[in-house]
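Residue-level listing of the chains:
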4 protein chains.
Amino acid sequence: MKDYQFRLDFEVRDHECDLAGVVNNAVYLHYLEHARNQFVKPHGVDFAAWAKRGIYFTVIRVELDYLYPPRSGDRFFVGVNAERISPLRLGFYQDIYRVPDNKPVLQAKVVLTAINEKGRPQLPKELDEMITKGLLSSSGEAPPAQAGE
Amino acid sequence: MKDYQFRLDFEVRDHECDLAGVVNNAVYLHYLEHARNQFVKPHGVDFAAWAKRGIYFTVIRVELDYLYPPRSGDRFFVGVNAERISPLRLGFYQDIYRVPDNKPVLQAKVVLTAINEKGRPQLPKELDEMITKGLLSSSGEAPPAQAGE
Amino acid sequence: MKDYQFRLDFEVRDHECDLAGVVNNAVYLHYLEHARNQFVKPHGVDFAAWAKRGIYFTVIRVELDYLYPPRSGDRFFVGVNAERISPLRLGFYQDIYRVPDNKPVLQAKVVLTAINEKGRPQLPKELDEMITKGLLSSSGEAPPAQAGE
Amino acid sequence: MKDYQFRLDFEVRDHECDLAGVVNNAVYLHYLEHARNQFVKPHGVDFAAWAKRGIYFTVIRVELDYLYPPRSGDRFFVGVNAERISPLRLGFYQDIYRVPDNKPVLQAKVVLTAINEKGRPQLPKELDEMITKGLLSSSGEAPPAQAGE
């Protein structure tokens, strides 16, 4: 298992499962979004607060590989690494593992940008600061391993 | 705009929009899933019915490019093309366009397989029949254009 | 079956069903919300547009009686009657019936108010106009029957 | 604030909020369902496991009073009391309070029954045992206060 800059623990809730008795394929995007939000919030990057100021974080590309479907009551964590992949785009590498056996559940790459009210991409300066602090890698290389959670 | 084997019309519902006032990034997977189901159902491929018999259609990979975010009340359609990309995997190419101006909203590739109760991939024979009828292309080539809904 | 001022047709989507194979108990509130929105929108009452102006329609009480659980693919309609139950509160009486056999699925009463940015209740004047036109009854009596959809 | 037999802590996730920037009215039913499940599970009452055996817990009536709308990032808890209100019906009294100021957010009464595969109500014996242990009051009286989580 890789090192992650951040991890967040979850438990599958009944209503997240569909007819097949497993987590619905769309629900993973909610898990990933919540993990990203919790990752950046302590660094002053509050997506909800920015939405009020007219800057919207927007997912522009997602790649998901579904490896194993968890069931209601299963515990899992989302591990997150992030990097700036271009001046205006952030890449989040987010993997899900079942707890406690670390069975791989999902691998994801999520690319975001931020759009201001004129529809122009604009990444807030707090993200620059996260990069300066080494919390978001500024190149395509693997970000430095840091303690989780 | 490409030709599609199938199209399904939708309208954005308020509860599908999030803080930013646009469709939440996870909700698109619900639109895509519903469009796939409606595409294959007239051909005897009812995912819900198969789930009862112990055969589960499972999304194994998703690629989504978000091009333009629709808002509550916006109408759009999902165009669907499908092909068998390996003996046990189906690829669905699903694009979303706003109605009536055909503004591109999303491009997606969704790969599915079916798993039986022993956890083994098993594509039901009704899907073979769809291929025989030319409704699912059996190669990597573009499927033949057919009239949509 | 009662007369309704408005009706809206739906079809159950796979992802709306949960482990038990039937529509999840929370999803009905989405159906009801969408039906209310579609009912009032042609009369100039657009909840999403008002949210942008700082007036939020807010559900303050819900009563739901679940009578019969629909399954994926089932078609149904939501019938809506509405009345002003106090100067600042609207009551929506919303019943769901399966199509085409009219089997009762759900009975609901939903009470709403509108809150302005100061947190004070404020019903927009377009709603007064709906009442003047007889589209929302102004008393506790049954509203006059009007053609649906 | 009342005493509760059980409480479960939550935090509002971004995707649970709608256009108005607050928790969508339907999402509360997911919070309440998850809290009920976590309440009864340690006592051998696993709704998901029972669904596999053909016994489905079914919500038959809900009353919700919405008191204050939480926003993304707000923490809250669901307090739960339960009683058997008839031989075949359970009543769950579930209140939501914001954390840490205990501001009342929602008051709910949720009535459930269990239906077997023949469509007949049938409450499993594990629930009788919860009543015997005093975890579900057997009358209309307030259940005895017990330590929460």
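It should be emphasised that the depicted structure is a prediction, and the values quoted were computed from it without experimental measurement.

Calculation criteria
Numbering of residues begins from 1 in every chain and follows the order in which that chain's sequence is written. Written order decides the labels, with chains lettered from A and ligands numbered from 1. In view of the model being predicted, local features appear only for residues whose pLDDT reaches at least 70, and side-chain atom pairs are presented and counted only at 80 or more, with totals across whole chains, interfaces and linings using the full set of residues. Water and hydrogen atoms play no part in the side-chain values, which are based on all heavy atoms of the structure. Under the DSSP-based scheme used, a helix requires at least four consecutive residues in state H or I and a strand at least two consecutive residues in state E, with every element numbered from the N terminus. Exposure classes here rest on a 1.4 Å probe applied to the protein chains alone. A residue is buried below 20% of its type maximum, exposed above 50%, and partly exposed in between. Here, residues are in contact when the closest pair of their heavy atoms is within 4.5 Å. Exposure was quantified through the Shrake-Rupley algorithm and a 1.4 Å probe, taking into account, for residues, occlusion by the shown protein chains and nothing else. Put simply, a salt bridge is a Lys or Arg side-chain nitrogen that is within 4 Å of an Asp or Glu carboxyl oxygen. Note on disulfides: each one is a pair of cysteine sulfur atoms within 2.5 Å. Superposing copies: least-squares fit, C-alpha atoms only, residues required to have pLDDT of at least 70 in both. Criterion used throughout: strands pair if DSSP finds at least two bridges between them. Each axis is a line fitted through C-alpha atoms, taken for helices only over the stretch in contact, and angles between the N-to-C directions span 0 to 180 degrees. Accessible area, probed at 1.4 Å, shrinks when two parts are joined; the buried area is that loss added up over both. Polar contact is the term for a pair of N or O atoms within 3.5 Å; when the atoms are in protein, one must be able to donate a hydrogen and the other to accept it, and sequence-neighboring residues count only if both atoms are side-chain atoms.

K.L.:
Please clarify how the overall build of chain A should be interpreted in this entry.
P.N.:
If you tally the helices and strands in chain A, you get three helices and five strands. Helices (α) and strands (β) of chain A occur, in sequence order from the N terminus, as β-α-α-β-β-β-β-α. Across the 149 residues in chain A, those meeting the buried criterion constitute 58%. The contacts of chain A with a sequence gap of at least 6 include a subset with a gap of at least 24, amounting to 69%. Of the roughly 6,300 Å² that chain A leaves accessible, carbon and sulfur atoms contribute 48%.

K.L.:
Mind showing me how you'd approach the pattern of salt bridges here?
P.N.:
It is possible for side chains of opposite charge to pair when their charged atoms get near one another. Summed over the entire model, instances satisfying the criterion amount to 24 salt bridges over all chains. One salt bridge in this structure joins B:Glu63 and A:Arg61, with 3.3 Å as the shortest N-O distance. Taken together, the positions of B:Glu63 in strand β2 (residues 56-66) and A:Arg61 in strand β2 (residues 56-66) put the pair across two chains. Its relative accessible area of 22% is what places A:Arg61 among the partly exposed residues. A single network of salt bridges, built from pairs that share partners, joins A:Arg61, A:Glu63, A:Asp65, B:Arg61, B:Glu63 and B:Asp65.

K.L.:
Could you clarify how one ought to interpret the state of the cysteines in this entry?
P.N.:
What we call a disulfide is simply a covalent bond connecting the sulfur atoms of a pair of cysteines. Tallied over the full model, the rule gives zero disulfides over all chains. The thiol of A:Cys17 is not disulfide-bonded; the next cysteine sulfur, from C:Cys17, is found 13 Å away. By relative accessible area, which is 1% here, A:Cys17 ends up buried.

K.L.:
What's the story with the relation of the copies chain B and chain A in this structure? I'm lost.
P.N.:
Superposing the two chain copies requires a rotation about an axis and a translation along that axis. Of the two same-sequence chains, chain B is brought onto chain A (RMSD 0.0 Å, axial shift 0.0 Å) by a rotation of 180°. One copy is carried onto the other by what is essentially a two-fold rotation axis. When each C-alpha of chain B is compared by its distance to the rotation axis, B:Glu63 comes out closest, at 2.3 Å. Both copies present the same face, since 100% of the interface residues in chain B are matched by interface residues at the equivalent positions in chain A.

K.L.:
Even after reading the chapter, I still don't get the sheet that holds β2(B), so can you show me in this structure?
P.N.:
What holds strands together in a sheet is hydrogen bonding between their backbones, with the strands either parallel or antiparallel. The sheet built from ten strands is open, its strands ordered β1(A)-β3(A)-β4(A)-β5(A)-β2(A)-β2(B)-β5(B)-β4(B)-β3(B)-β1(B) with antiparallel pairing. Two strands lie at the open edges of the sheet, namely β1 (6-11) of chain A together with β1 (6-11) of chain B, each paired on one side alone. Strand-to-strand twist of the sheet, defined as the mean angle between neighbouring strand axes without regard to direction, takes the value 25°. Inspection of the sheet shows β1(B) paired to strand β3 (residues 75-86) of chain B by six bridges, in the antiparallel sense. Considered in β3(B), the bridge of B:Phe6 is made with B:Val80.

K.L.:
Sorry, what's going on with the interface of chain C and chain B here?
P.N.:
Buried accessible area, meaning the area lost when the parts come together, often serves as the stated size of an interface. Counting from both sides, the interface comprises 19 residues of chain C and, opposite them, 19 residues of chain B. In total, chain C and chain B occlude about 1,500 Å² of area from one another, counting both sides; carbon and sulfur atoms represent 45% of this. Ranking the residues of chain C by area buried against chain B places C:Arg13, C:Asp14 and C:His15 at the top, with a combined share of 38%. Between the two partners, chain C and chain B, sit zero salt bridges. On the surface where chain C and chain B come into contact, there are six residue pairs in polar contact (both at pLDDT 80 or more). When residues of the side of chain C that touches chain B are traced back to their parent elements, those giving at least two are β1 (6-11), α1 (27-40) and α2 (47-53) of chain C.

K.L.:
Which parts of the structure should I look at to understand the interface of chain B and chain A?
P.N.:
If you look at the interface, chain B gives 19 residues, while chain A gives 19 residues. Summing both sides of the interface, chain B and chain A together bury roughly 1,900 Å²; the carbon and sulfur share of this comes to 52%. Of all residues in chain B, the largest losses of buried area upon contact with chain A belong to B:Asn25, B:Arg61 and B:Tyr66, amounting jointly to 24% of the total for that side. Summed over the shared surface of chain B and chain A, the number is four salt bridges. Seen at the junction of chain B and chain A, the total is 14 residue pairs in polar contact (both at pLDDT 80 or more).

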